[in-house]
Amino acid sequence: MNIIKTVNSELCEEMQYVVHKSGLKVYVFPKKGFSKYYAIYGTEYGSLNNAFTVPGEKEMITVPDGIAHYLEHKLFEEEDGSNAFDRFAETGASSNAFTSFDMTAYLFACTDKFYENLEILLDFVNKPYFTEENVAKEQGIIGQEIKMYDDEPEWRVFFNTLCAMFHENPVKIDIAGTVESILHITPEVLYKCYNTFYNPSNMALVMVGDININEALKCVDKYVSADRSLGEIKRYTPTEPSSRVQEYIEENLTVSQPMFRIGFKDNQPDMSGDELLKKEIATEIILESLFGKSSDLYLELYESGLINATFGTEADIQKQYGYTLLGGESSNPKKVYEIIKDKIDYYIKNGIPESSFERAKKVLVSQDIKLFNNLEAMGNAFIRSIINGQNPLEYREVVRSVTYSDVMNRLKTHFDTSNCVLSVVKSPNTEI
Amino acid sequence: MKNINLKKGVDIHIIEAPKFKTNLLSVYLYIPLKRETITKAALLPSVLKRGCTAYPTLKDISCHLDDMYSASASAGVRTKGDGEVLFFTSEYISDKYVGENLTIPVAEFLKEIIFSPLTENGGFNKSYTESEKINLRDAIQSLYNDKKEYAEFKCREAMFGKNGCGMFEVGYEEDLDDITPQNLYEFYTDVLNTAKVDIFVSGTANEQTINDITRILGSLFKPRDAEYILPGIKEYKRDAIQKITEDADVVQSKLCMGLICNVEPTSDEYYSLILANSIFGGTPFSKLFNNVREKLSLAYYAFSRTARFDGYMMISSGIQTENYQKAYDEIMVQFDKMINGEIEDSEINAAKNYMHNAYTAMEDSLKRMEDYWLSQTIMGTNQNISDLLNGISAVTKDDIISVMKKVKFDTIYFLKGKEAANL
């Protein structure tokens, strides 16, 4: 195996990378002087992937909503009835896992016994143990997790926005599924998902800290066998119309102030690598220059009392889905929505000020420098870049390569004010 | 950490950690936590952040920060036992990565925000004050949006009443009408003149850096007679456990239990307490996690926590309404195990390892280091992390049992959601 090392001398940061013989992508970002070690082990599989063909079979299958997340919970289960948390307890590491739309990841942070912890991580993720009994037991726990989210207005206003934007894309389905859908999850179907997506060539292991990659590879050899490569993964992705589903969506929940999200769906799918990253960066530059705290619009909305410090923006632009959201709390979300649409149309017509464009680029490069202070944040951001086919040390180069016309094109295509949506969560007795 | 006493009541603290790509410069103004001033203290940072003479609007402030390579600036309040700190913090990139010195402009910027607010007619700018009062009202009301936080706060309030850690640091709605730009400014002037001042410089700092910061910021604070209030022991005063139920239109009920620890925050007994808490409910290998969640599947979250200054322990869990008694009983069973010494050596070792990792990892975060040293400074303990870890290693099983015996159930607060049949 050939270990490739690259250095970014501006950042004083290094990356070591190798493809293990199983197909697993292994990365180390050395951080000397830090006490902590962080490892994140993820698969490109999330709540989106609810229809696929199991390797070696012909028929496509559709699995219950929420199964990727359910699988994440169940992998912690050990054959002797204990769980992986107990094993990390012996070493003092803190471990966790998360499931997103297109990724499931398992992680730990420690200050001691790194390779021992790495072995635990690799072992439990590569050793599924599902029985009728232990699968049934999880229904109570995940059922309460789902209900907790049902009471969270922030989560509801977010998911409703996705439902208003997307017709077919499974990104609109709640990651944890529903109390009803998880009843249909069985050990058999969990194994099907596991065997399809927990395939080393579909996975990455990212480690941050003062780590020797050769030592880490010895651990990988022990738990990830070269013959685990299970062949091509056939995901079924439904065709998504470019139009929105509905312009306005509302839900009643007891909240102190109406909450809102304005959503723009990404209609330029099937990108990866630097092309995808440029699209994301162009979107971030627009958000920063038109709606950031240095913008005229933010000042206008804040000073008129239409938004408060909760206002923020977010772009989630990935291979299998993409959207941009703006929102927060407001006594008059509909007015904010109209003002924002007008402002976007104004900038489409008149252009974003060059100075705002330059300022936004500088902000993105500065934020990238700060990222290297935090080992967990590095690991989480970089596994995402790696899955998307990007080089984490070259982010700033890509920012520099984004031109003014790239940004104006993105503004015209993505921020389509005739195709955006407004989602509001408000108290039952509040009129807006 | 290095300390330099600049003058009476004004200190500068230096945490050298050149491994970071950023520096942190913070000013802390320590004042007593009082019901009469808590809302004013909460409102102050929002008004100051709106603008100052040199940077009169949010946009001016933000553009200036962008120009300093996206330096961050935050201001707010944080409670520390029977006191609270009003803080101003900026994180900015070290010279090495941007090729210019940002310490001086960042210190100058904080100076403007702290010492040259926008004023008129002997008070703060009226429109900023009034609009931030509205925003604070929203922030106070928004506590109810997060039912877990809400239930925990209501439990805490029922335990202590509206004083000390029973208070809501975001403030109280009923105070807002009486706050004027003038009385808020008067309060701020008083804070500036009388609060204990601690300036923290963390990251890459040399003698020149310290001199620059002392000249720009330190020199503007007058000497003062200011002292911290040492956190005292919170004693248990109840004859019977207080039980409160509040109905709410929610799917998931929240069960909170507040306990009084009866432990001196500055004493070595605190180490026994944090280990006991880790074993009982503070970790994913704790008794509460393994039994309430994993074994009985009653909850997604079920944990306990305690904080050094607070003197109380909070048990918090989200459950189905019908499962109240089951969850309650199981928590009590696990608590009794702690008191009866049904604790394995492996649990104690796991808790020690966990704490060792948690405290060692703190050295990888400038903000957490700074907060640690601020707390140490306020408590007057000035103990470094390795001393603290030695204290934790020395704790025995008997210490854990005896500290848990001091912890008493005070209040049980149930935010009662809908029953399954009515969903």
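Engineer: It is not clear to me how the overall build of chain A should be interpreted in this structure. Could you clarify?
Structural biologist: Scanning chain A for helices and strands turns up 14 helices and 15 strands. Taking 2.2 N^0.38 as the reference for a compact globule, 432 residues should give roughly 22 Å; the C-alpha atoms of chain A span a radius of gyration of 23 Å, in line with that estimate. If you line up chain A on its principal axes, its C-alpha atoms span 60 × 55 × 40 Å. Evaluated residue by residue, chain A yields a buried proportion of 60% over its 432 residues. Taking the intrachain contacts of chain A between residues at least 6 apart in sequence as the baseline, contacts between residues at least 24 apart amount to 80%. Surface summary for chain A: the accessible area is close to 16100 Å², and the carbon and sulfur share equals 47%.

Engineer: Which parts of the structure should I look at to understand the pattern of salt bridges?
Structural biologist: It is possible for side chains of opposite charge to pair when their charged atoms get near one another. If you walk through the whole model with that rule in mind, you get 59 salt bridges over all chains. Measuring nitrogen to oxygen at the nearest pair gives 2.8 Å for the salt bridge that ties A:Asp102 to A:Arg384. Here A:Asp102 is found in the loop between strand E7 (94-99) and strand E8 (104-110), whereas its partner A:Arg384 is found in helix H12 (residues 375-387), with 282 residues between them in sequence. Judged by relative accessible area, which is 3%, A:Asp102 ranks as buried. Of the residues examined, A:Arg384 reaches a relative accessible area of 18% and is grouped as buried. A network of salt bridges, in which partner residues are shared, links A:Lys74, A:Glu77, A:Lys137, A:Glu138, B:Arg293 and B:Glu294.

Engineer: Please clarify how the domain arrangement of chain B should be interpreted in this entry.
Structural biologist: Often the size quoted for an interface is simply the accessible area lost on bringing the parts together. Residues and elements named next belong to chain B. Looking at chain B, the domain boundaries give domain 1 (2-220) and domain 2 (242-422). The gap between the C-alpha centroids of domain 1 and domain 2 is 30 Å. If you look at the interface, domain 1 gives 34 residues, while domain 2 gives 36 residues. Summing both partners gives a buried area of about 2900 Å² for domain 1 against domain 2, and 70% of it is carried by carbon and sulfur. On the domain 1 side of the interface with domain 2, the three residues burying the most area are Lys80, Glu152 and Met159, jointly 21% of the side's total. We note a salt bridge from Lys80 to Asp371, for which the minimum N-O separation is 2.8 Å. On inspection of domain 1 and its partner domain 2, the count reaches twelve residue pairs in polar contact (both at pLDDT 80 or more). Listed by contribution, the elements that provide at least two residues to the side of domain 1 that touches domain 2 are strand E2 (10-16), strand E3 (22-32), strand E4 (72-80), strand E5 (83-93), helix H6 (147-160) and strand E8 (196-203). With eleven residues, the single largest contributor to the side of domain 1 that touches domain 2 is H6. Partitioned by chemical class, the residues of the side of domain 1 that touches domain 2 number 16 nonpolar, eight polar and ten charged.

Engineer: Would you take a moment to explain the packing of helix H10 (residues 333-350) of chain A against helix H14 (residues 404-414) of chain A for this structure?
Structural biologist: Helix-helix packing is described using two parameters, namely the angle between the two axes and the distance between the axes. All names here are of chain A. Put simply, H10 and H14 touch, their axes get as near as 10 Å, and they point 135° apart. One way to sum up the angle between H10 and H14 is to call them oblique. When you trace H10 past H14, the crossing you get is left-handed. Note on element contacts: H14 touches H10 through Met408, Leu411 and Lys412, opposite Ile344, Tyr347 and Ile348. When grouped by side-chain class, the residues that make up the contact of H10 with H14 number five nonpolar, no polar and one charged.

Engineer: For this particular structure, what's the right way to read the side chain of A:Asn49?
Structural biologist: Residue and element names in this part refer to chain A. Positionally, Asn49 belongs in the loop between strand E4 (37-43) and strand E5 (51-53). At a separation of 2.9 Å, a polar atom in the side chain of Asn49 contacts the main-chain amide nitrogen of Gly46. With sequence-adjacent residues up to four places away left out, Asn49 is seen in contact with Glu44, Val63, Phe101, Phe197, Arg235 and Gln320.

Engineer: Got a minute to help me understand the packing of aromatic side chains in this structure?
Structural biologist: By convention here, two paired aromatic rings are described through the distance between centres and the angle between planes. Applying the stated rule across the entire model yields 51 aromatic pairs over all chains. Ring geometry for A:Phe29 against A:Phe382: centres 4.7 Å apart, planes inclined by 45°, an arrangement best described as tilted. With A:Phe29 in strand E3 (residues 25-29) and A:Phe382 in helix H12, the pair connects residues that are 353 residues apart, well separated along the chain. One exposure class covers both A:Phe29 and A:Phe382, and it is buried. Measuring from centroid to centroid gives 5.8 Å for B:Tyr55 and B:Phe109, while their planes differ by 55°, and the two rings are tilted.

Engineer: What's the story with the pairing of E4(A) in this structure? I'm lost.
Structural biologist: Look at any regular strand and the pattern is simple: side chains alternate between the two faces of the sheet. All names here are of chain A. Burial of E4 is extensive: six of the seven residues sit out of reach of the surface. Here E4 runs beside E8; their pairing, made up of seven bridges, is antiparallel. Bridge pairing in E8 links Tyr41 to Tyr106. Alignment of E4 against strand E9 (residues 203-208), held across six bridges, turns out to be antiparallel. Across the sheet, the residue bridging to Tyr41 is Leu205, located in E9.

Cut-offs and rules
- Residues numbered from 1 in each chain as written.
- Chains lettered and ligands numbered in written order.
- Predicted model: local features only at pLDDT ≥ 70, side-chain atom pairs only at ≥ 80, totals over all residues.
- Heavy atoms only, no water.
- Helix = DSSP H or I, 4+ residues; strand = E, 2+ residues; numbered from the N terminus.
- Rg over C-alpha atoms; globule rule 2.2 N^0.38 Å.
- Buried < 20%, exposed > 50% of the residue type's maximum accessible area, 1.4 Å probe, protein only.
- Contact = heavy atoms within 4.5 Å.
- Areas by Shrake-Rupley, 256 points an atom, 1.4 Å probe, with all protein chains shown as cover.
- Salt bridge = Lys/Arg side-chain N within 4 Å of Asp/Glu carboxyl O.
- Domains from an automatic or database assignment.
- Buried area = accessible area lost by both parts, 1.4 Å probe.
- Polar contact = N/O pair within 3.5 Å; in protein donor to acceptor, adjacent residues only side chain to side chain.
- Nonpolar A, V, L, I, M, F, W, Y, C, P; charged D, E, K, R; others polar.
- Axes fitted to C-alpha atoms, helices over the stretch in contact; angles between N-to-C directions.
- Parallel < 35°, antiparallel > 145°, perpendicular 65-115°, else oblique.
- Left-handed = near helix turned anticlockwise from the far one by under 90°.
- Phe/Tyr/Trp six-rings, centres within 6.5 Å; stacked < 30°, edge-to-face > 60°.
- Pairing = 2+ DSSP bridges.

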